[in-house]
Amino acid sequence: MLLSHFFPKSPLSLRPLLCSPSLLLPSIKFPFYPSSSFKFHPYPSPLSFACLLTTIGSLSPAFPSTGGGSRTVTNFPMASSSTESTAAATSASVESVTGDLMKQSLVDGDRNGSRVRLRLEDLNWDHSFVRELPGDPQTNNIPRQVFHACYTKVSPSVDVENPKLVAWSESVGDLLDLDPKEFERPDFALIFSGASPLVQGLPYAQCYGGHQFGTWAGQLGDGRAITLGEILNSKSERWELQLKGCGTTPYSRFADGLAVLRSSIREFLCSEAMHFLGIPTTRALCLVTTGKYVTRDMFYDGNPKEEPGAVVCRVAQSFLRFGSYQIHAFRGKEDHKIVCALADYAIRHHFTHIENMSKTESLSFSTGVEEHSVVDLTSNKYAAWIVEVAERTASLVASWQGVGFTHGVLNTDNMSVLGLTIDYGPFGFLDAFDPSYTPNTTDLPGRRYCFANQPDIGLWNIAHFATSLSTAELINDKEANYAMERYGTKFMDAYQAIMTKKLGLPKYNKQLIGKLLNNMAVDKVDYTNFFRALSNIKADPNIPKDELLVPLKAVLLDIGNERKEAWINWVQSYVQELAGTGISDEQRKAQMDSVNPKYVLRNYLCQTAIDAAETGDFGEVRRLLKLVERPYDEQPGMEKYARLPPAWAYRPGVCMLSCSS
């Protein structure tokens, strides 16, 4: 089981903490080997997660179906009709099928080798979400329930006074073909605070629901985020621009629709940091202050205070979430056609390889859950789609585990259908390795969203997303089960591959990695610094025993003789494993350093930048942005940013945060 990687001999006192019954999950988590079967129950019946992954490692394709049945789906009148091509999918394995599905052809917008540089007024807008999906007939921002609609047209209403540009990402500007000189224009901060409209923008707030901490919360929606519209760049890539913290919407409930500088700096920096770590994520174009103050009760303890207000411009190919589909599935049969319209929209614009799947050849695969049970991915595009969403989500969570990232609020409304990290609230990168770590003070009672639980929560969320599609009769039980099986298989494959690379091993070694993580947990070893230092180990079995730990001296702090012996034993096993690879120490170090970052966005680094920014000094925010743009490089002169957290970093509001922002 996955938990055995964190605690091969986990104490009984900790197991209830990591495997809380409130998760509706089994006590045995993500088994490495088959156990028993799982039955998918249509929405809204409770989902049973007892031993889902029956056939991990044993899935095999069945013969192509000869009588693949067609599926009749009610077309939503506002959604444009889909097109189908004859691109043939002929792969004979699940992995090759998903590989084929991932292939997309984009128009090359740089044919002449010259980069397109545009002013804000010249951006190429295309408002497909508003054009193709049902909207709210009302356009006011009064908090209310919005029915039978995917969005409400609403303009930013933030009050500003001399807004200032804090930081910006030139690489995101490049995605939009934006001329870098545009960041220098005097009205830039005014536009991206939301106080001045962006030419040709068509702002709206999205309607969605979600499960929060395992409980259905009903309508949520963009309570303080307003999408300005979609831009098509020179490569025909679609990018949404969204302002977070620019005023109220119908989905604001009892909140003010604003954001503070503290949380906005964190979201801006982490969006970019995750991208440069190689992890799928929403991006951030810029961060501006509003010049006004916002009242926040940071710890929910009855002591509110005024903080500087700010707005982040978030950028993503889509901000569609699991909850975007859940809200309409939950509201009844009348809205099920909206679930279909949203699915068609996502496939048409963001999963075009699925839209273009060949219907002339059928590929069927055994689910392994029931005898003679098969799923035909080409007979139902919605089945192919949820399989890919599940696999993207699994790969995303595996990448989080690899770098020690804990999201903190994995509610279904914070899960992207594109497999992106989205909504940076009380996140945290592991300092001392602790599988039960949660950066969210709200999560402390049960640690539902702690580091070790993230893979299981990903499955829990996929199951509820599948429920929405099943309720709308877009997929059947077998297809839902298959998507969840694929999540488990994909996660284990991705996680094992990541950990193998982090250790520079030729192949996965469960026992070696399990013992390592157990040692790290016992001795509270810094996660990032340890793996970076590990590349200094030499693959020489003749190294004297008393010298084995020298390369790890800086990361193995304050360990007694008993623990020192445990580490020596592990390093000896590790060196023996390395010695047979035939790879030079130099080559292995380069490979390991390319996957083990030297710099991550530790919470105390964020806080240092926040403290300075709240006094009007934005220099540290900009330095951190430059730092996280090259996380795998040594960056001489920047070594202080790789140091362990100082004592003050363990105060409330730094190492752990609330959702207040």
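What counts and how
Residues numbered from 1 in each chain as written. Predicted model: local features only at pLDDT ≥ 70, side-chain atom pairs only at ≥ 80, totals over all residues. Heavy atoms only, no water. Helix = DSSP H or I, 4+ residues; strand = E, 2+ residues; numbered from the N terminus. Buried < 20%, exposed > 50% of the residue type's maximum accessible area, 1.4 Å probe, protein only. Contact = heavy atoms within 4.5 Å. Areas by Shrake-Rupley, 256 points an atom, 1.4 Å probe, with all protein chains shown as cover. Salt bridge = Lys/Arg side-chain N within 4 Å of Asp/Glu carboxyl O. pLDDT = per-residue confidence, 0-100. Pairing = 2+ DSSP bridges. Phe/Tyr/Trp six-rings, centres within 6.5 Å; stacked < 30°, edge-to-face > 60°. Lys NZ or Arg CZ within 6 Å of the ring centre and 35° of its normal. Expected span 1.5 Å × (residues − 1). Axes fitted to C-alpha atoms, helices over the stretch in contact; angles between N-to-C directions. Parallel < 35°, antiparallel > 145°, perpendicular 65-115°, else oblique. Left-handed = near helix turned anticlockwise from the far one by under 90°. Nonpolar A, V, L, I, M, F, W, Y, C, P; charged D, E, K, R; others polar. Core = buried A, V, L, I, M, F, W, Y, C linked by side-chain atoms within 4.5 Å. Polar contact = N/O pair within 3.5 Å; in protein donor to acceptor, adjacent residues only side chain to side chain.

Student: Hey, could you go over the overall build of the chain for me, with residue numbers and the actual values?
Tutor: From N to C terminus, the chain includes 19 helices and 13 strands. For the chain, the proportion of its 661 residues judged to be buried stands at 58%. A separation of at least 24 residues holds for 75% of the contacts in the chain among residues at least 6 apart in sequence. Looking at the chain as shown, the accessible area adds up to about 25700 Å², and 53% of this sits on carbon and sulfur atoms.

Student: Let's hear about the pattern of salt bridges: which residues, and what values?
Tutor: Counting across every chain of the model gives 38 salt bridges. One salt bridge in this structure joins Glu272 and Arg283, with 2.7 Å as the shortest N-O distance. Of this pair, Glu272 sits in helix α7 (residues 261-276) while Arg283 sits in strand β8 (residues 283-296); the two residues are 11 residues apart in sequence, bridging distant segments of the chain. A relative accessible area of 0% places Glu272 in the buried class. Here the residues in one salt-bridge network are Arg119, Glu121, Asp122, Glu182, Arg185 and Asp187, joined through shared partners.

Student: Quick one: what's the story with the confidence of the model for the chain, residue by residue and with numbers?
Tutor: On average, residues of the chain carry a pLDDT of 84, and 80% of them reach 70 or more. Note on residues 6-112: pLDDT is under 50 here. Beyond four places in sequence and across chains, it has 246 contacts.

Student: Could you give an account of the environment of Asp611, naming the residues involved and the relevant values?
Tutor: Among the secondary structure elements, Asp611 is positioned in helix α18 (residues 603-613). Taking the relative accessible area as the measure of exposure, Asp611 reaches 34% and is therefore partly exposed. With 349 residues separating them in the primary sequence, Asp611 and Arg262 have C-alpha atoms 8.4 Å apart.

Student: Go over the pairing of strand β4 (residues 209-212), please, and point to the residues and values.
Tutor: Examined bridge by bridge, β4 and strand β5 (residues 215-219) share three bridges and lie antiparallel to one another. Residue pairing for β5: Gln212 is matched across the bridge by Thr215. Joining the antiparallel neighbours β4 and β5 is a turn of two residues, in which Phe213 adopts a positive phi near 55°.

Student: A description of unusual backbone geometry should follow, citing residues and the corresponding values.
Tutor: Of note in the backbone geometry, Asp423 takes a positive phi value of approximately 65° without being a glycine. By the element assignment, Asp423 lies in the loop between β12 (405-406) and β13 (428-429). Located in the positive-phi region is Glu473, a residue other than glycine, with phi close to 60°. By relative accessible area, Glu473 is classed as exposed at 56%.

Student: Please provide a residue-by-residue account of the packing of aromatic side chains, values included.
Tutor: This model, assessed by the stated rule, comprises 29 aromatic pairs. Judged by centre distance (5.1 Å) and plane angle (40°), the rings of Phe213 and Tyr449 are tilted. Of this pair, Phe213 sits in the loop between β4 and β5 while Tyr449 sits in the loop between β13 and α12 (454-471), and the two are 236 residues apart along the sequence. An angle of 90° between the planes, with centres 5.9 Å apart, marks the rings of Tyr424 and Phe427 as edge-to-face. For the residue pair Tyr424 and Phe427, the accessibility class agrees, reading buried in each case. One aromatic cluster is present, built from ring pairs that chain together Phe433, Phe451, Tyr527, Phe530, Phe531, Trp567, Trp570 and Tyr574. We note Arg266 situated over the ring of Phe427; from NZ or CZ to the ring centre the distance is 4.0 Å. Against the face of Phe531 rests Lys502, its NZ or CZ located 4.5 Å from the ring centre.

Student: Can you tell me about helix α11 (residues 381-403), naming the residues and giving the values?
Tutor: In a regular helix each residue adds 1.5 Å, so 23 residues correspond to 33 Å; α11 covers 33 Å between its end C-alpha atoms and thus fits that length. Once α11 finishes, Gly404 follows within two positions and takes phi at roughly 75°, a positive value.

Student: Describe the packing of helix α8 (residues 322-330) against helix α9 (residues 336-350), listing the residues and the values that go with them.
Tutor: Between α8 and α9, whose axes approach to 7 Å, the crossing angle comes to 160°. As the angle between them shows, α8 and α9 are arranged roughly antiparallel. Helix-helix and strand crossings are classified by hand; for α8 and α9 the assignment is left-handed. Note on element contacts: α9 touches α8 through His336, Ile338, Val339, Leu342, Ala343 and Ala346, opposite Ser324, Tyr325, His328 and Ala329. Residues that form the contact of α8 with α9 fall into these classes: seven nonpolar, three polar and no charged.

Student: Explain the packing of α11 against helix α13 (residues 477-502) to me, and be specific about the residues and the numbers.
Tutor: Contact geometry of α11 with α13 gives a least axis separation of 8 Å together with a crossing angle of 30°. Classified by the angle their axes make, α11 and α13 are roughly parallel. Viewed along their axes, α11 and α13 form a crossing whose handedness is right-handed. Classifying every residue of the contact of α11 with α13 gives 14 nonpolar, five polar and five charged.

Student: Requested: an account of the nonpolar core, with residues and values cited.
Tutor: A general trend in soluble globular proteins is that nonpolar side chains are found buried together. Grouped together as the largest cluster of nonpolar side chains are 137 residues, with contacts concentrated most on Tyr325, Trp385 and Phe530. The greatest single-element share of this core, amounting to 13 residues, is contributed by α11. Once residues within four sequence positions are removed from consideration, Tyr325 is found in contact with Leu320, Val339, Leu342, Ala343, Ala346, Trp385, Val417, Phe465, Ser468 and Leu469. Counting 36 residues, the second-largest nonpolar core is a separate cluster that includes Val146, Ile191, Cys207 and Tyr251.

Student: Mind laying out the environment of Asp159, listing which residues take part and the relevant values?
Tutor: Within the element layout of this structure, Asp159 appears in the loop between β1 (151-153) and β2 (164-168). On a C-alpha basis, the gap between Asp159 and Lys292 in space is 7.3 Å, while along the polypeptide they are 133 residues apart. Here Asp159 is in contact with Thr290 and Lys292, once residues within four sequence places are set aside.

Student: I'd like a rundown of the environment of Gln607, residues and numbers included.
Tutor: As for its position among the elements, Gln607 is in helix α18. Considered as a pair, Gln607 and Ser263 are 344 residues apart in the sequence and their alpha carbons are 10.0 Å apart. Aside from chain neighbours lying at most four places away, what touches Gln607 is Trp648, Arg651, Gly653 and Val654.

Student: Outline the side chain of Asn603, listing residues and values.
Tutor: With respect to the secondary-structure elements, Asn603 resides in helix α18. Side-chain polar atoms of Asn603 contact the backbone oxygen of Val654, separated by 3.3 Å. A polar atom in the side chain of Asn603 sits 3.5 Å from the backbone oxygen of Cys655. The residues contacting Asn603, other than those within four sequence positions of it, are Arg266, Phe427, Gly428, Tyr437, Val654, Cys655 and Leu657.

Student: Tell me about helix α15 (residues 527-534), and name the residues and values.
Tutor: Within an α-helix, residues lying three or four positions from one another point in the same direction, as the helix has 3.6 residues per turn. Judged by how many residues are buried, α15 sits mostly within the fold: eight of eight residues are covered. Listed as buried for α15 are Tyr527, Thr528, Asn529, Phe530, Phe531, Arg532, Ala533 and Leu534.

Student: So what about the pairing of strand β7 (residues 238-244)? Which residues, and what values?
Tutor: Judged by how many residues are buried, β7 sits mostly within the fold: seven of seven residues are covered. Count of turn residues in the strand β6 (residues 225-232)/β7 antiparallel hairpin: five residues, of which Ser236 carries a positive phi of about 65°. In this structure, β7 lies alongside strand β9 (residues 305-316), joined through five bridges in antiparallel fashion. The partner of Leu241 across the bridge, within β9, is Val315.

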